Amino acid sequence: MTEDNNMPKNDAPFASSEKPSLKLWGGRFEGEIDKLSAQLNNSYSFDCRLWRQDIRGSIAHATMLGECGILPEEDVRVIIDGLQRIEEGIGNGTLSFDPEAEDIHSAVESLLRTLIGTTAGKLHTARSRNDQVATDTRLYLREHIEDIDGLLASFQSTLLDRAERALGSENESPVILSGYTHLQHAQPVLLSHHLLAYFWMFFRDRDRLRDATRRLNLLPLGAGALAGVNYPVDRRRVAELLGFDGVIPNSMDAVSDRDFILDFLSSASIIIMHCSRMAEELIIWNSPEFRYVELDDSVTTGSSIMPQKKNPDVAELARGKAGRIFGDLVGFLTVMKGLPLAYNKDMQEDKEPLFDAIDTLTILIPALNKTIHSAVFNTERMKEALSRDFSTATDLADLLVRRGVPFREAHHVIGRMVRYCLDGKIGLEDLTLEERKSFSPLFQGGSEETASPEGSVRLRASEGGTSPEAVRKQLDLARDLFAGMLPLRISNT
Ligand code: ARG
């Protein structure tokens, strides 16, 4: 769009020959900025996505300036009307920002000037881009934390459903598989138990997001460039208008801290680390050697050369993209670590890692959710893998303990039994009573001595353990806490 045909007829702010500058500064400069310097300096290409937050922040700021008598009501009305027209016009595509703008703040102000003339220049009274950008970024992150929390909640709900199904019913026994340590068969566990472990990880992740938002939801605006402003502003009123819980108490801290972004990137890193672990398991379980799970066609791809291939790409990308988000965190920590107070342009480097982490999680969480939702667990194969796998060796040792043998000694006896079975290429479940007795006279027969996976899980009834009863209780608790964790709605505005 050209600036002239948008100029209010009765309020032409510029001499016709004078093209309004997009720059918000320039008075003290004689020379022009070098092209490459401008290219390096400009952030519009990525911070343009803050446009809604920028307008929202400006409307609140202008409202307060009017209420406090810093700007005449008439000017405020014109400014707010112009900002609302921009919001609507950008929203429906009838207006556009100048892509040459230095950043989104310049772009909004320059478009406002095109629409309402020189009054636009009054909007920046008692404000700096330093407190403005900190406010916009907090508003933006706030909304996206809410969204990411919702995506995690829906993933948790899938995990609860799958855990419930795998717990079986009256005529269907719970699904059992080997639990692993060191990726070696360790002890049998319920599949429900295994899935619920991830539920709890995401539970804490959501709690971390709540924790991060508590610190995030304070207002920087009113800090000015760094030292506060010399107008009788009402920061608390702006906070109220924007749904912040309060104001940041120190103007230098307000404009120079970015730990609210680091809080989020840390939480995001932990979230994707959890996703990546789950993805790694799915990849292993989906391999032909394991065949514990069959991933749905919708979350896999084929090979351009090997017709038989079905590759677990979504899971692999969940694992691979962890590298990006860790990079976002470590990269931005490194940007911040040497900066003297207060604002430094280095801090403009906060946005790309932030946006990248948000975008990555916004696609990844639902994709992994679908992967779990549509996965077919091969319960027969899980059962088969438990046979002759020695995962009930601890149970046999515990049996001897219950019959009076000190645990250390029992461990040794069963260790020798395992050795004997390995040599004879049999499993613990294949031993005859005579053979068992040769290791300890305390073996007297009885079903508990057959070391079945079902018997093993049944006895692990400690709170948080893998017995069907304990897992049922755990599932009930998970459902209760899940229901009690209300959607994250930081501001009601
Ligand atoms: N685009 C800048 C940023 O994101 C806005 C703040 C500019 N402030 C300044 N004093 N140059 O950090």
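Residues numbered from 1 in each chain as written. Predicted model: local features only at pLDDT ≥ 70, side-chain atom pairs only at ≥ 80, totals over all residues. Heavy atoms only, no water.

A. View of the pattern of salt bridges. Summed over the entire model, instances satisfying the criterion amount to 34 salt bridges. For Asp-395, the salt bridge goes to Arg-460, with nearest N and O atoms at 2.9 Å. You can see Asp-395 sitting in helix 14 (residues 393-402) and its partner Arg-460 sitting in the loop between helix 17 (453-459) and helix 18 (468-484), a full 65 residues away along the chain. For the salt bridge of Asp-398 with Arg-460, the shortest nitrogen-to-oxygen distance reads 3.9 Å. Of the two residues, Asp-398 sits in helix 14 while Arg-460 sits in the loop between helix 17 and helix 18, which places them 62 residues apart along the sequence. Under the relative-accessibility criterion, Asp-398 is labelled partly exposed at 24%. Each of Glu-102, Asp-103, Arg-129 and Lys-345 takes part in one network of salt bridges that share partners. (Salt bridge = Lys/Arg side-chain N within 4 Å of Asp/Glu carboxyl O. Helix = DSSP H or I, 4+ residues; strand = E, 2+ residues; numbered from the N terminus. Buried < 20%, exposed > 50% of the residue type's maximum accessible area, 1.4 Å probe, protein only.)

B. Structural context of the nonpolar core. With 116 residues, the main nonpolar core has Ile-86, Phe-97, Leu-191, Leu-196, Phe-264, Met-278 and Trp-285 as its most contacted residues. Considering every element that reaches this core, the biggest residue donor is helix 10 (residues 259-285), with 15 residues. The residues contacting Ile-86, other than those within four sequence positions of it, are Ile-55, Gly-91, Leu-95, Phe-97, Val-108, Leu-111, Leu-112 and Leu-115. The next biggest cluster of nonpolar side chains, apart from the first, holds 18 residues, and it includes Leu-396, Leu-400, Val-405 and Leu-431. (Core = buried A, V, L, I, M, F, W, Y, C linked by side-chain atoms within 4.5 Å. Contact = heavy atoms within 4.5 Å.)

C. Summary view of the packing of helix 14 against helix 15 (residues 407-424). Packing of helix 14 against helix 15 leaves a shortest axis separation of 8 Å and a crossing angle of 135°. Accordingly, the angle class assigned to the pair helix 14 and helix 15 is oblique. Once helix 14 is placed against helix 15, the crossing between them reads as right-handed. Contacts from Ala-393, Leu-396, Ala-397, Asp-398, Leu-400 and Val-401 in helix 14 reach Phe-407, Ala-410, His-411, Val-413, Ile-414, Met-417 and Val-418 in helix 15. (Axes fitted to C-alpha atoms, helices over the stretch in contact; angles between N-to-C directions. Parallel < 35°, antiparallel > 145°, perpendicular 65-115°, else oblique. Left-handed = near helix turned anticlockwise from the far one by under 90°.)

D. Region of the structure containing the pairing of strand 2 (residues 184-190). By the bridge criterion, six bridges tie strand 1 (residues 176-181) to strand 2 in an arrangement that is antiparallel. Following the sheet pairing, Tyr-180 is matched in strand 2 by His-185. In textbook terms, the turn of a hairpin is the stretch between consecutive antiparallel strands, and for strand 1 and strand 2 this stretch comprises two residues, one of which, His-182, has a positive phi near 55°. (Pairing = 2+ DSSP bridges.)

E. Quick look at unusual backbone geometry. In this structure, the amide linkage connecting Leu-341 to the following residue, Ala-342, adopts the cis form with an omega of 5°. Within the secondary structure, Ala-342 sits in the loop between helix 11 (313-336) and helix 12 (351-374). In the Ramachandran plot, Ala-126 falls in the positive-phi region, its phi being about 60° despite a non-glycine side chain. If you trace the backbone, Ala-126 turns up in the loop between helix 5 (104-116) and helix 6 (129-166). With relative accessibility at 8%, the residue Ala-126 sits in the buried group. Even without being a glycine, Phe-390 presents a positive backbone phi close to 65°. If you trace the backbone, Phe-390 turns up in the loop between helix 13 (379-386) and helix 14.

F. Expanded view of helix 18. Between its first and last C-alpha, helix 18 extends 24 Å over 17 residues, near the 24 Å set by a 1.5 Å rise per residue. Within helix 18 the residues assigned to the buried category are Ala-470, Val-471, Gln-474, Leu-475 and Ala-478. All buried residues of helix 18 fall inside an arc of 140° around its axis, so they share one side. The outward face of helix 18, more than 90 degrees from its buried face, is lined by the exposed residues Glu-469, Lys-473, Asp-480, Ala-483 and Gly-484. Of the surrounding secondary structure, the elements contacted by the buried residues of helix 18 are helix 6, strand 2 and helix 7 (191-216). (Expected span 1.5 Å × (residues − 1). Arc of directions from axis to C-beta.)

G. Seen up close, the site of the ligand. The environment of the ligand is formed by Ser-43, Asp-47, Asp-103, His-105, Arg-129, Asn-130, Val-133, Tyr-343, Lys-345, Gln-348 and Lys-351. Between a nitrogen atom of the ligand and a side-chain N or O atom of Asn-130, the distance comes to 2.9 Å. Between Tyr-343 and the ligand, the recorded distance is 2.4 Å, taken from a side-chain N or O atom to an oxygen atom. Expressed as a share of its isolated accessible area of 340 Å², the protein-covered part of the ligand is 86%. Per-element accounting of the shell around the ligand gives the leading share, three residues, to helix 6. Among the residues making up the shell around the ligand, the classes are represented as two nonpolar, four polar and five charged. (Near = heavy atom within 4 Å. Polar contact = N/O pair within 3.5 Å; in protein donor to acceptor, adjacent residues only side chain to side chain. Areas by Shrake-Rupley, 256 points an atom, 1.4 Å probe, with all protein chains shown as cover. Nonpolar A, V, L, I, M, F, W, Y, C, P; charged D, E, K, R; others polar.)

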